[in-house]
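# A look at the structure
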Amino acid sequence: MRKDFLPFSIPTIEEEEIREVVDSLQSGWITTGPKVKKFEDEFKAYVDSPFAVPLSSATAGLHLALLAMGIGPGDEVITTPMTFAATVNVMIHVGATPVFADIEPGTLNIDVQAVRGKITERTKAIVPVHFAGLPCDLDAIFALAKEFNLQVLEDAAHAIGTEYKGKRIGSFDSVSVFSFHPIKNITTGEGGMVCTRDEKLAEEISLLKFHGMSREAWKRYSAQGTPNYDIVLPGFKYNMMDIQAALGIHQLRKLDRFIEQRTKIAEFYNAAFADVEEMITPAAAPYAYRHAWHLYTPLVRIEKLTIDRDAFMAELKKENIGSGLHFKAVHHHPYYRENLPVAPGELPQADYASDRILSLPLFPKMVMEDAVDVVAAVKNVLARTRK
Ligand SMILES: *Cc1c(COP(=O)(O)O)cnc(C)c1O
């Protein structure tokens, strides 16, 4: 058995990031300032988006995007139940009604035909999630949105560096929101970014992110600015700090290298589990893409085992292998069970995946020997729990 515990994710923070944060701390400029602007510009260039708004989290980005898109009480928003609750919580925040469409069994991405079946007169938007870094079928989603005059908000928390048919997520004519939480493909500690081609929408989000203040603080206190300001609407406090952007600037430069390493490990897992009957490996999609491999999420066929998924994860831990849960389907959480009940059998694919999914260790600092240990641990647990 492996000697030291292998967590399911560790961020890769190197000397460049540390020096840049120290530089911010010593500069006297800690919060939103020139480094946030630099990170914004470099992120825009990377994803090929004309406008980007850096924020304190992706949750903040999803919240402000919905507000700027004009979504509120009486509106329905269709999304996937296989996502982090934040995707759906923000819909509640703005007073809209989340509507779940089922997922595709293989990719675990939202099923576009299922979305079609959920559209009503009140539907205003579709919120697809590029699950684990595999892009949803955006052409099909955009075609459906056009047919019914719906807006599209991409939850791209997993999809920094993902490409769909040769174009990066973030570059499409929609709104996309990225996350820089420590487990995501690059990190700023906490942080998020909204990308859009719509200048007005970007301006609205910029205004909402900092108290509804017409001018940003760092401009007010700089040599060019004046200290006066106007509050033009009751905004939020969702700005990104320079010490966060200091991390992001260097993380972004390493992203392609990170994805390469993630891809190697994920492909090794896919090959290792291909002929293991109890494991369902993540499926490929039938169009051109680059997978960002944010997560490696097989399903365990618990019907063939004497234990459930949670016990399976506990057994892996005994083998010194950490794992994650991304995700328990949102409609299985108590708040949603009570306030947004889904009829039994209405989301069969999500129910199936939710009870069987787990995230195996996947992060750029992993070496192949770590991946070998993970596969051995999974096989050990299967050997002692097989029916
Ligand atoms: C992580 C995550 C979020 C939230 O990101 P934060 O930056 O932590 O707010 C939203 N959606 C999905 C799918 C996520 O995985």
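Further up the page is the structure itself.
The following refers to the structure shown. (Residues numbered from 1 in each chain as written. Predicted model: local features only at pLDDT ≥ 70, side-chain atom pairs only at ≥ 80, totals over all residues. Heavy atoms only, no water.)

### Description of the overall build of the chain
Scanning the chain from N- to C-terminus turns up 13 helices and twelve strands. Along the first, second and third principal axes, the C-alpha atoms of the chain reach 70 × 55 × 40 Å. Across the 387 residues of the chain, 56% fall into the buried class. One finds the centroid of the 42 positive side-chain charges in the chain at a distance of 2 Å from the centroid of its 50 negative side-chain charges. (Helix = DSSP H or I, 4+ residues; strand = E, 2+ residues; numbered from the N terminus. Buried < 20%, exposed > 50% of the residue type's maximum accessible area, 1.4 Å probe, protein only. Lys, Arg positive; Asp, Glu negative; His and termini not counted. Charge placed at Lys NZ, Arg CZ, Asp CG, Glu CD.)

### Thoughts on the pairing of strand S9 (residues 192-196)
The element S9 is extensively covered by neighbouring structure, given that five of its five residues are classed as buried. Burial of the side chains of S9 extends over both faces: Gly 192, Val 194 and Thr 196 are buried on one face and Met 193 and Cys 195 on the other. Here strand S1 (residues 51-55) pairs with S9 via five bridges, running antiparallel. Residue pairing in the sheet places Ala 52 in a bridge with Cys 195 of S9. (Pairing = 2+ DSSP bridges.)

### Let's talk about the sheet that holds strand S11 (residues 289-290)
Within a sheet, each strand pairs with its neighbour through backbone hydrogen bonds, oriented either parallel or antiparallel. The three strands lie next to each other as S7-S6-S11, forming an open sheet whose pairing is antiparallel. Because the sheet does not close on itself, it has two edges, and the strands there are strand S7 (167-168) and S11. Relative to S11, strand S6 (residues 163-164) runs antiparallel, the two being bridged by two bridges. Paired with Tyr 164 across the strands is Tyr 289, a residue of S11.

### Remarks on the environment of Gly 74
Relative to the elements of secondary structure, Gly 74 occurs in the loop between helix H3 (58-68) and strand S2 (76-79). Sequence separation of Gly 74 and Gly 166 is 92 residues, and the distance between their C-alpha atoms is 37 Å. Excluding residues that lie within four positions of it along the chain, Gly 74 makes contacts with Gly 95 and Arg 122. (Contact = heavy atoms within 4.5 Å.)

### Quick notes on the side chain of Glu 20
Among the secondary structure elements, Glu 20 is positioned in helix H1 (residues 15-27). A polar side-chain atom of Glu 20 sits 3.1 Å from a polar atom in the side chain of Lys 35. Not counting the four nearest positions on each side in its chain, Glu 20 is found in contact with Lys 35, Ala 246 and His 250. (Polar contact = N/O pair within 3.5 Å; in protein donor to acceptor, adjacent residues only side chain to side chain.)

### Describing the sheet that holds strand S8 (residues 175-179)
Strand order in the open sheet made by the seven strands is S1-S9-S8-S5-S4-S2-S3, with mixed pairing throughout. Looking at which strands have only one partner, the edges of the open sheet turn out to be S1 and strand S3 (97-100). Ignoring strand direction, the axes of neighbouring strands in this sheet form an average angle of 25°. For S2 and strand S4 (residues 123-127), the ladder comprises four bridges, and the chain directions are parallel. (Axes fitted to C-alpha atoms, helices over the stretch in contact; angles between N-to-C directions.)

### Quick notes on the site of the ligand
Around the ligand sit 15 residues, and of these Thr 59, Asp 155, His 158, Ser 179 and Lys 184 come closest. At 2.5 Å, a side-chain N or O of Thr 59 approaches an oxygen atom of the ligand. With respect to the ligand, the side chain of Asp 155 contributes an N or O atom lying 2.7 Å from a nitrogen atom. Within the complex, the protein chains bury 92% of what would otherwise be the 380 Å² of accessible surface of the ligand. (Near = heavy atom within 4 Å. Areas by Shrake-Rupley, 256 points an atom, 1.4 Å probe, with all protein chains shown as cover.)

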